[in-house]
Amino acid sequence: MEKVEKNKNVPKATAKRLPLYYRYLKSLEESGIHRIKSKDFSTLTQVPSTTIRRDFSHFGELGRSGYGYEVGHVLNVFDQILNVNRVTKVALVGVGNLGRALMSNNFRRDDNLKITCGFETNEELCNQKIGGIPVYHISQMEEIIQHESITTAISTVPSQHSQEAINQLVAAGVTAVLNFAPGRVKVSNEIDVRYIDLTTELLTLIYFNEKIRKQTQLS
C-alpha cells in the first residue's frame, strides 16, 4: 500500500468534511460502485462539487478531469489520513441521561472508536457497567486514563461544572475533548475542545425550516 504523506496545512473546514466523505465513499464501495464524478458525489454528500474538488486537491491527484475518482484509491488515502485502522479509546465524563445513552450506543457504526470508561461524581452511579463499560468515581480519572493511554474524551457535564471536569481531563493527559456543554472553557493552545450545542443547532434548523416554508408558500 502506497504511504500517504499527510498535509499539515489542510484547512479546518476541509478536515471537518473528511469523515463525511469517508462515510459516503465507504457506502459506495459496499454498493459495488468503483468510480464516481464530483458532480454525482456532490449530490450524495450535499457538498458543492467545487468544494469537493478543492478539498480533495489537498491530498494529491486523487482524480482526473472528465473521469472522476476511483473510490478504492480515495478510500485508501482517507484510511491513512483518518487513521481508521487504529482503535481510539475514548473516556466519558458525566454519566447522566446523555452520557448513559452514549455509552450504551458506543459508536456501533464505527469499530475504530470505543468508549472504554466513564466517570461520575455521584457515587451512586459508580462501580457499575453501562453497555459493558465500567463507571468509575471521578477521583480515579487520572489513574484510569493514564493506565489506558487515553487522549480523547467526551464531556456531558453541565456548563457550570464543565471547566472543572475538563481541567481534570487535561491533568490526566487528555488532549482532545468533545464538549456537550455550550459554555466555552479555557484551555491551553495544545488542547483541542470541540462543542456540540444541541439547542443552538435545533434553533438554527427551525429558523431555516421556517424560512423555506414561507418562501414555498409565497411561490
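Please read all numbers here as calculations on a predicted model, not as lab measurements. (Residues numbered from 1 in each chain as written. Predicted model: local features only at pLDDT ≥ 70, side-chain atom pairs only at ≥ 80, totals over all residues. Heavy atoms only, no water.)

J.: Please provide a residue-by-residue account of the packing of aromatic side chains, values included.
T.: Counted under the stated rule, the structure contains eight aromatic pairs. Where Tyr207 meets Phe208, the ring centres are 5.0 Å apart and the plane angle is 75 degrees; that geometry is what we call edge-to-face. An aromatic cluster is present here, built from Tyr21, Phe41, Phe56, Phe59, Tyr69 and Phe78 joined pairwise through their rings. When the ring centre of Tyr67 is taken as reference, the NZ or CZ atom of Arg35 above it lies at 4.4 Å. When the ring centre of Tyr67 is taken as origin, the NZ or CZ atom of Arg64, which lies over that ring, is 4.2 Å away. (Phe/Tyr/Trp six-rings, centres within 6.5 Å; stacked < 30°, edge-to-face > 60°. Lys NZ or Arg CZ within 6 Å of the ring centre and 35° of its normal.)

J.: Account for the UniProt feature "DNA-binding region" (unreviewed entry) in the protein chain, with residues named and values stated.
T.: The feature "DNA-binding region" (unreviewed entry), as given by UniProt, occupies residues 20-59 in the numbering adopted here. As annotated, residues 20-59 has a helix share of 70% and a strand share of 5%, and its two end C-alpha atoms lie 16 Å apart. (UniProt positions renumbered as here; feature names shortened; annotations may be inferred. Helix = DSSP H or I, 4+ residues; strand = E, 2+ residues; numbered from the N terminus.)

J.: Explain the sheet that holds strand E4 (residues 88-93) to me, and be specific about the residues and the numbers.
T.: One open sheet holds the seven strands; their spatial order is E6-E7-E5-E4-E8-E9-E10, and the pairing between them is mixed. Looking at strand neighbours, the two that pair on one side only are strand E6 (128-130) and strand E10 (192-195), the edges of this open sheet. Within this sheet the neighbouring strands show an average axis-to-axis angle of 30 degrees, counted without direction. Contacts from helix H6 (residues 141-148) reach E4, strand E5 (113-120) and strand E7 (133-137), with the element oriented near 165 degrees to E5. On the sheet, helix H7 (residues 159-172) packs against E4, strand E8 (152-155) and strand E9 (176-179) and is oriented at approximately 160 degrees with respect to E9. (Pairing = 2+ DSSP bridges. Axes fitted to C-alpha atoms, helices over the stretch in contact; angles between N-to-C directions. Contact = heavy atoms within 4.5 Å.)

J.: Which residues make up the side chain of Asn76, and what are the values?
T.: Examined against the element boundaries, Asn76 turns out to sit in helix H4 (residues 71-82). Within the structure, the side chain of Asn76 is placed 3.3 Å from the side chain of Gln80, a separation counted as a polar contact. (Polar contact = N/O pair within 3.5 Å; in protein donor to acceptor, adjacent residues only side chain to side chain.)

J.: Any chance you could break down the pairing of E8 for me, citing the residues and the numbers?
T.: Pairing of E4 with E8 involves four bridges; the strand directions are parallel. Among the inter-strand pairings, Val93 is bridged to a residue of E8, identified as Ser155. For E8 and E9, the ladder comprises four bridges, and the chain directions are parallel. By the bridge assignment, Ala153 is partnered in E9 with Val177. Taken together, E8, H7 and E9 constitute a β-α-β crossover, and its handedness is right-handed. (Right-handed = clockwise from strand over helix to strand, strands pointing away.)

J.: Can you break down unusual backbone geometry residue by residue, with the values?
T.: A positive phi is found at Gln46, a non-glycine position, where the angle reads about 65 degrees. In this structure Gln46 comes out as exposed when scored by relative accessible area, which is 67%. Even without being glycine, Asn127 reaches a positive phi, approximately 60 degrees. (Buried < 20%, exposed > 50% of the residue type's maximum accessible area, 1.4 Å probe, protein only.)

J.: Give me the confidence of the model for the protein chain: which residues, what numbers.
T.: In this model, the protein chain carries an average pLDDT of 88, and 95% of its residues clear a pLDDT of 70 or more. Within the protein chain, E8 carries the highest mean pLDDT (97), whereas helix H8 (residues 198-218) carries the lowest (81). (pLDDT = per-residue confidence, 0-100.)

J.: Which residues make up the sheet that holds strand E2 (residues 63-64), and what values do they have?
T.: Two orientations exist for strands paired in a sheet by backbone hydrogen bonds: parallel and antiparallel. Across the sheet, three strands lie side by side as E1-E3-E2; this open sheet has antiparallel pairing. Lying at the two open borders of the sheet, with one neighbouring strand each, are strand E1 (35-36) and E2. Pairing of E2 with strand E3 (residues 68-70) involves two bridges; the strand directions are antiparallel. Counterpart to Gly63 in the pairing with E3 is Tyr69. Contacts between H4 and the sheet are confined to E1 and E3, with E3 contributing the most and set at about 70 degrees to the helix.

J.: With reference to specific residues and values, describe the pattern of salt bridges.
T.: This model, assessed by the stated rule, comprises three salt bridges. Residues Asp55 and Arg17 are paired through a salt bridge, measuring 2.7 Å at the closest nitrogen-oxygen approach. A residue pair is termed long-range when its members are at least 10 positions apart, and Asp55 in helix H3 (residues 49-57) and Arg17 in helix H1 (residues 12-30) qualify at 38 residues. As a salt-bridge pair, Asp192 and Arg194 come within 2.9 Å of each other at their nearest N and O atoms. Among the residues examined, Asp192 registers a relative accessible area of 36% and is labelled partly exposed. Arg194 sits in the partly exposed class, given a relative accessible area of 38%. (Salt bridge = Lys/Arg side-chain N within 4 Å of Asp/Glu carboxyl O.)

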